[in-house]
Amino acid sequence: MREKATTIYLGPQHPGITGNMMVRLKVIGDTIVSAQTEVGYLHRAFEKLQERRNWLQGFTLMCRFCVPESDPMENVYARSVEAIDGREVPERGKYIRVMVLELARIATQLMWYAGQNGSLGLYTMGQWSIGDRDYILDLFEELTGGRVYHMYQWPGGVRRDLPEGFTDKVLRTLDYLEKRLKDYDDLMFANSIFQKRTQGVGIVPKENIIEHGVVGPVLRGAGIRSDIRIDEPYEVYDKLDFEIPTQEGSDIWARALVRRAEVHQSIRIIRQVIDQMPSGEYFNKFPNPLKWIVPAGDAYVRVESGRGEVGFYAVSDGTIHPRRMHLRGAAYVHAITLLESILPGQNIADVSAIMNSLGTCAPEIER
Amino acid sequence: MIAQIKAVFPEAVNKDYDGNRLDLTVNKEAVPSVLLYLKDSMGFRHLSHIAYVDWIEQGEFELVYILWSPLDKVKLYVHTRINRENPVIENIDMIWRQANTYEREIREMLGIEFTGLVAPDEFILEDWDDIPPFRKDFDTLEYVNRTFWHRPGREDAQDVRSTISERSGEEIPDFAKKYSR
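This section reports on the structure supplied with the text. Computed from a predicted model, the values in this text were never measured in an experiment.

Let's talk about the interface of chain A and chain B
No. 1: Contacts between chain A and chain B engage 29 residues on the former and 25 residues on the latter.
No. 2: Among the elements of the structure, β6 (297–305), β7 (308–316), β8 (322–328) and α11 (330–342) of chain A are those that each provide at least two residues to the side of chain A that touches chain B.
No. 3: Along the lines of polarity and charge, the residues of the side of chain A that touches chain B split into 10 nonpolar, 9 polar and 10 charged.

Observations concerning the environment of A:Ile348
All names here are of chain A.
No. 1: Within the element layout of this structure, isoleucine 348 appears in the loop between α11 and α12 (351–358).
No. 2: For isoleucine 348 and aspartate 30, which are 318 residues apart along the polypeptide, the C-alpha to C-alpha distance reads 5.7 Å.
No. 3: Those residues in contact with isoleucine 348, other than ones at most four positions away along the chain, are Leu25, Val27, Asp30 and Ile32.

A closer look at the environment of A:Lys206
Residue and element names in this part refer to chain A.
No. 1: With respect to the element layout, lysine 206 can be found in the loop between α7 (192–198) and α8 (216–220).
No. 2: Residues lysine 206 and glycine 359, spaced 153 residues apart in sequence, show a C-alpha to C-alpha distance of 18 Å.
No. 3: Ignoring anything within four residues of it in the chain, the contact list for lysine 206 reads Ala222 and Ser250.

Quick word on the packing of helix α10 (residues 252–276) of chain A against α12(A)
Helix packing for two helices is described by the angle between their axes and how far apart those axes are.
All names here are of chain A.
No. 1: Viewed as axis vectors pointing N to C, α10 and α12 meet at an angle of 35°, and their least axial separation amounts to 10 Å. Where α10 crosses over α12, the handedness of that crossing is left-handed. Across the interface between the two elements, Ile252, Arg255 and Ala256 from α10 touch Ala353, Ile354 and Ser357 from α12.
No. 2: Of the residues contributing to the contact of α10 with α12, the split by class is 4 nonpolar, 1 polar and 1 charged.

How each quantity is defined
- Residues numbered from 1 in each chain as written.
- Chains lettered and ligands numbered in written order.
- Predicted model: local features only at pLDDT ≥ 70, side-chain atom pairs only at ≥ 80, totals over all residues.
- Contact = placed C-beta atoms within 7 Å.
- Helix = DSSP H or I, 4+ residues; strand = E, 2+ residues; numbered from the N terminus.
- Nonpolar A, V, L, I, M, F, W, Y, C, P; charged D, E, K, R; others polar.
- Axes fitted to C-alpha atoms, helices over the stretch in contact; angles between N-to-C directions.
- Left-handed = near helix turned anticlockwise from the far one by under 90°.

Below, the structure is given as structure tokens:
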């Protein structure tokens, strides 16, 4: 007997979906035969709003593009304006930026630990890692005044210098986290439920993987050593010593191992940054922001976020308002063309786990 | 690598302020063939972004295809201009599959038609019947005033400062008056 396909809607409000978006699934039994991503539940027209704002006001919107990961967005905005305007950043400002970016990467991966395990019904891990992420948010609060949205990296440097004794607190937090990561391994990677639910599931085909726009941990999980921090070094990444972890499996398990290794590398980077941190200025002043005219030009800058490449295209027509701001997030490709192509053949129960491992972030798609 | 591209495309320019960057401006008719050549023969395998800008003063839309060569570490911007009156350009999603999503967005936000694009009509917007919202002649403020309205009974809450001062009888300080509507 020929079975009839049923349509089911995953989202837009669903605990397994990262953000508000919907995946329309056609299923036979519990096997997916086709999938289609539908977005539009979060559209806030940030890019349109930027056109009415001046160059400084634009920066306050940037961090809001993706909720769990605000710092890479601030970084691309600041660097794109610096590129067009020919503005230099003092060395200390660059080191502070790298420290913030790497702390943000750890916070993002801790959030991912929670999401990935939560999507498989393993909730203890999430309680641990979200709790530990709060220690990093405490650091951000002390440094920037904000826990989630920091508005800290702006054109010309960073907004404030490090508070007294801040680097000691960072080092103490890193020591603590390193101890905790061993517990995470026991709870997550040694857990046979996690192994069985992730190994061989959600495989991203390796054929033409670069051409299909796959970036970040998903690409490295397929054995390709690609990272913008080494491909196109920004800030001071060329002066730091770190490795780019890769895995061969191209499944959820491989991507999990990549992310796990990245947390260790981030800790290594932050220790070096604190060790090499120069003294001096942290910010080169820009002109009166209400009259700040950025010369005509355009620039596309990229940053390696915890979920992959984030690019930002800024155009100035030589006025106080940006002509155009356009963000490219990792999820723009991962959550639509990639997700739609790898879901057929998978089980309904694995959809959330696959979405989490691809680093889906709905607000980044709609901007 | 940069020299090689310049040999094939003599009009390509280096912009000095942005490192390993190369700019190329092509006719819209040549876009698919140039991109295919760059991808297959020059190693620009990664389509990083398709950006769009409305240059209303010149009556043109601009599309910028930003390519990245993983081997040579070169970033290439392929610019093309499209007439605003008849905005049609060739679809390129057979070269890079993910271009389909970008083109859906551009079709919706600027109203550019991509010949041969197969994709659902709506992407982000739902039941949109105005001009495409990313065109510069789309007035956000006018649209909001036309489409949305104040909740009845809340008309007096529009200027918070004066409402509070009327209720409490306190004077608004001079510095605050400056910023009141």
